[in-house]
Amino acid sequence: MGRCVDGIRSVRGSNAPCQAPLTVVSYDGRAALLVVDLQNDFADPAGALAVVGAEGVITVANREIDAAVAAGATVAFSQDWHPEHTPHFARDGGIWPVHCVANTWGAEFVPALHVRGAVIRKGSNGEDGYSAFTMRDVETGETRPTELAELLGRAISRVVVVGLATDYCVKATALDALALGFETVVLRAGVRAVNLQPADGEAALASIRDAGGIIV
Ligand code: VGL
Ligand code: ZN
């Protein structure tokens, strides 16, 4: 019997169902690939908030980027882009080590990434936030949209999400995409979790699925 890997059966001819739906991701002019936060601080082993398994995410992301560009889909890249002081950081009352401070090495895209598309910096005016669609004012907590939804416009009906991290920015981005009415697909092989608690990544995927997202 075939083994299920990321919901895709590795041996043809077996008809036992996999746990995840068998959905083929294909790109066209109505699709957008969102590449979330593939920056040194998350994706380089020396990064301040290095996520285990991030190399695999870069490989998958590059493959998807190439396919999306070839098919005429939109590709957008988000960057976690923090001010030096933000309630996001442990030193300012939050939970995270200092990471992805604007204009530092940690905030740069990993050098191997095929950056071919628009770049969305969450908080270029000093805000921050997890979702690629929203920025949060660090003083008032108010959120407002980034330019991403406008960039996707009305021509895009479907978004495909890859990147880091499953339990924070991927989750927030996918939930916002669903709330905005996009058919939303998350590639399991193209995401990894921080997992402050061991099951956080799986719980995040479950909440995306519960909100109507497709995990493949
Ligand atoms: C993220 C933790 C802190 C993310 C950003 O990109 O998922 N995680 N800031
Ligand atoms: Zn952050």
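Residues numbered from 1 in each chain as written. Chains lettered and ligands numbered in written order. Predicted model: local features only at pLDDT ≥ 70, side-chain atom pairs only at ≥ 80, totals over all residues. Heavy atoms only, no water.

1. Considerations on the coordination of the zinc ion (ligand 2)
The condition that has to hold: Donor criterion used throughout: N, O or S atom within 2.8 Å of the metal, extended to 3.2 Å for Na, K and Ca. Water excluded; incomplete-looking sites may result. Only DSSP runs of H or I with at least four residues qualify as helices, and only runs of E with at least two residues qualify as strands; both kinds are numbered from the N terminus onward. A simple rule labels every residue: compare its accessible area, found with a 1.4 Å probe on the protein chains alone, to the largest value its type can have, and call it buried under 20%, exposed over 50%, or partly exposed in between.
Coordination sphere of the zinc ion (ligand 2), protein contribution only: Asp80 (OD), His82 (NE2), His88 (NE2) and His99 (NE2), at 2.1 to 2.2 Å. In primary-sequence terms, the residues that donate to the zinc ion (ligand 2) follow D-x1-H-x5-H-x10-H. Of the two residues, His88 is situated in the loop between β4 (74-80) and β5 (118-122) and His99 in the loop between β4 and β5; the sequence distance between them amounts to 11 residues. The burial state of His88 is the same as that of His99; both residues are buried.

2. Describing the side chain of His82
Applied cut-off: Whether two residues touch is decided by their heavy atoms; if any such pair falls within 4.5 Å, the residues are in contact.
Inspection of the secondary structure puts His82 in the loop between β4 and β5. Aside from chain neighbours lying at most four places away, what touches His82 is His88, Phe89, His99, Cys100, Val101, Ala102 and Asp128.

3. Quick look at helix α5 (residues 200-210)
Rules: Directions from the helix axis toward the C-beta atoms define the arc.
Every buried residue of α5 is listed here: Gly201, Ala204, Leu205 and Ile208. Buried residues of α5, viewed axially, fall in a sector of 95°; they line one side. In the segment just after α5, Gly212 is the residue with positive phi, at about 110°.

Any link to function would need more than the numbers given here.
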